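Descriptive structure summary
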Amino acid sequence: PSPLGLKPSRWTGVSGNRRRQLPTHTYCLRSGPREFPPQPQAPQCQVLTSWRDEEGVEILSGASGWKQVDPLFDVTMAITLQVGQQQAKDPTAMLGLLDLIATYLDRWQGQPSVLVIHVAGITDEVRAMLQNRLGPSSNLSFGLESCLVALVVV
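To keep things clear, this report deals only with the structure shown in the data block. (Residues numbered from 1 in each chain as written. Predicted model: local features only at pLDDT ≥ 70, side-chain atom pairs only at ≥ 80, totals over all residues. Heavy atoms only, no water.)

**Points about the packing of helix H2 (residues 91-107) against helix H3 (residues 124-134)**
Selection rule: Axis definition: a line fitted to C-alpha atoms, over the contacting stretch in the case of helices. Angles run 0 to 180 degrees between N-to-C directions. Helix and strand labels come from DSSP, where a helix needs a run of H or I of at least four residues and a strand needs a run of E of at least two; each type is numbered from the N terminus. Angle categories are assigned with fixed cut-offs, so that under 35 degrees is roughly parallel, over 145 is roughly antiparallel, 65 to 115 is roughly perpendicular, and the rest are oblique. Left-handed describes a crossing whose near helix is turned anticlockwise from the far helix through less than a right angle; right-handed describes the clockwise counterpart. Residue contacts follow a heavy-atom distance rule, with two residues in contact if any of their heavy atoms lie within 4.5 Å.
Where H2 contacts H3, the axes come no closer than 11 Å and their chain directions differ by 25 degrees. Relative to H3, the element H2 is oriented roughly parallel. Every pair of crossing elements has a handedness; the one defined by H2 and H3 is right-handed. Mapping the contact onto sequence places Met-94, Leu-95, Leu-98, Asp-99, Ala-102 and Leu-105 in H2 and Val-126, Met-129, Leu-130, Arg-133 and Leu-134 in H3.

Structure, rendered in structure tokens:
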């Protein structure tokens, strides 16, 4: 079964790390300096992450309503949110972004969706704000049972 049908706290345990059942794709978060001609013949990347990166990706909401969802083919909506340092320092701007995200999630509630957030220079205050709004103790009226929410912290 997909690990997405379980709370994130139950993804590790006796049966091993359930993150291994998530997609294996690696994502480049920051490009490296370019050379011409490029050697090797591929983009240069300084910062990489993946769903399986336990230190760099914090799962805020584990999509507990996904019982038999294939994350590669059954996701209805995927949202990525990149928050710059200046926005992260402004609580009003952060709350505005979270309200916008909540509007999208509310519109697609019940459909499998994925939200990935990266905050440049994340602080403990911003992390707590994201955890409160999009984590297990979220007060969103529609809940987050159908949404996998990840916070990239590298």
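**Topic: the layout of surface pockets**
In this approach the atoms are scanned with a rolling probe the size of a water molecule, which exposes any empty space left behind. To keep it simple, the criterion reads: Points on a 1 Å grid, built from protein atoms alone, make a cavity when a 1.4 Å probe fits but cannot get out and make a pocket when they are open with protein on both sides within 12 Å along at least 5 of 7 lines; residues with an atom within 4 Å of a point are the lining residues. Grid points are joined across faces, edges and corners, and a volume is the space filled by probe spheres set on the points. Residue classes follow a fixed rule: Ala, Val, Leu, Ile, Met, Phe, Trp, Tyr, Cys and Pro count as nonpolar, while Asp, Glu, Lys and Arg count as charged, and any other residue, Gly among them, counts as polar.
Taken as a whole, the largest pocket holds about 470 Å³ of empty space. In this structure, the largest pocket is lined by 23 residues; those nearest its centre are Tyr-27, Trp-51, Thr-80, Val-114 and Val-116. Of all the secondary-structure elements, those providing two or more residues to the lining of the largest pocket are strand S1 (26-31), strand S2 (45-50), strand S4 (77-83), strand S5 (113-119) and strand S6 (147-152). Here the element with the most residues in the lining of the largest pocket is S4; it accounts for five residues. Taken together, the residues of the lining of the largest pocket break down into 17 nonpolar, six polar and no charged.

**A short note on the sheet that holds S6**
Sheet strands associate in pairs through backbone hydrogen bonding, adopting either a parallel or an antiparallel arrangement. Here is the rule we go by: Strand pairing follows a simple DSSP-based rule, namely that at least 2 bridges must link the two strands.
Ordered by their spatial adjacency, four strands build an open sheet running S3-S6-S5-S4, and the pairing between neighbours is mixed. Each having just a single partner strand, strand S3 (57-62) and S4 make up the two edges of the open sheet. Across the sheet, the axes of successive neighbouring strands diverge by a mean angle of 15 degrees, strand direction being ignored. Bridge count between S5 and S6: six bridges; the pairing is parallel. Among the inter-strand pairings, Leu-115 is bridged to a residue of S6, identified as Val-149. Here H2 sits on the sheet in contact with S4, S5 and S6, set at roughly 175 degrees to S4. The sheet strands contacting H3 are S3, S5 and S6, and the helix crosses S3 at an angle near 25 degrees.

**Side note on the nonpolar core**
This is how the line gets drawn: Residue types Ala, Val, Leu, Ile, Met, Phe, Trp, Tyr and Cys, when buried and joined through side-chain atoms within 4.5 Å, form a set referred to as a nonpolar core. Working definition: with a 1.4 Å probe on protein chains only, accessible area under 20% of the residue-type maximum means buried, over 50% means exposed, and in between means partly exposed.
In terms of nonpolar packing, the biggest core is built from 25 residues, with Leu-105, Leu-115, Ile-117, Val-119, Leu-130 and Leu-134 touching the most fellow members. Of all the elements in the fold, those that place two or more residues in this core are S4, H2, S5, H3 and S6. Here this core gets six residues from one element, more than from any other, and that element is H2. Core analysis: the next-biggest nonpolar cluster, separate from the first, contains 10 residues, Leu-22, Ile-59, Val-69 and Val-114 among them.

**Focus on the pairing of S6**
Buried residues dominate S6, accounting for six of its six residues. Residues Cys-147, Val-149 and Leu-151 point to one face of S6 and Leu-148, Ala-150 and Val-152 to the other, with burial holding for every one of them.

**Remarks on the environment of Asp-106**
With respect to the element layout, Asp-106 can be found in helix H2. In this structure, the C-alpha to C-alpha distance between Asp-106 and Leu-144, residues 38 residues apart in sequence, is 9.1 Å.

**Some points on H2**
Quick reminder of the rule: Multiplying 1.5 Å by the helix residue count minus one yields the expected span of that helix. What the arc describes is the spread of directions from the helix axis to the C-beta atoms. Pairs of N or O atoms within 3.5 Å make up the polar contacts considered here, provided that, within protein, one atom can donate a hydrogen while the other can accept it, and that residues adjacent in sequence are counted only when both atoms are side-chain atoms.
The first and last C-alpha atoms of H2 sit 24 Å apart over 17 residues, in line with the 24 Å expected at 1.5 Å per residue. When we look at burial in H2, the residues that qualify are Met-94, Leu-97, Leu-98, Ile-101, Ala-102 and Leu-105. Buried residues of H2 fall within an arc of 140 degrees about the axis and therefore sit on the same side. Along H2, exposed side chains directed more than 90 degrees from the buried face belong to Thr-92 and Arg-107. The secondary structure elements touched by the buried residues of H2 are S4, helix H1 (85-89), S5, H3 and S6. You can read the cap of H2 off the contacts: a side-chain oxygen lies 3.0 Å from the backbone nitrogen of Thr-92, and it is on Asp-90.

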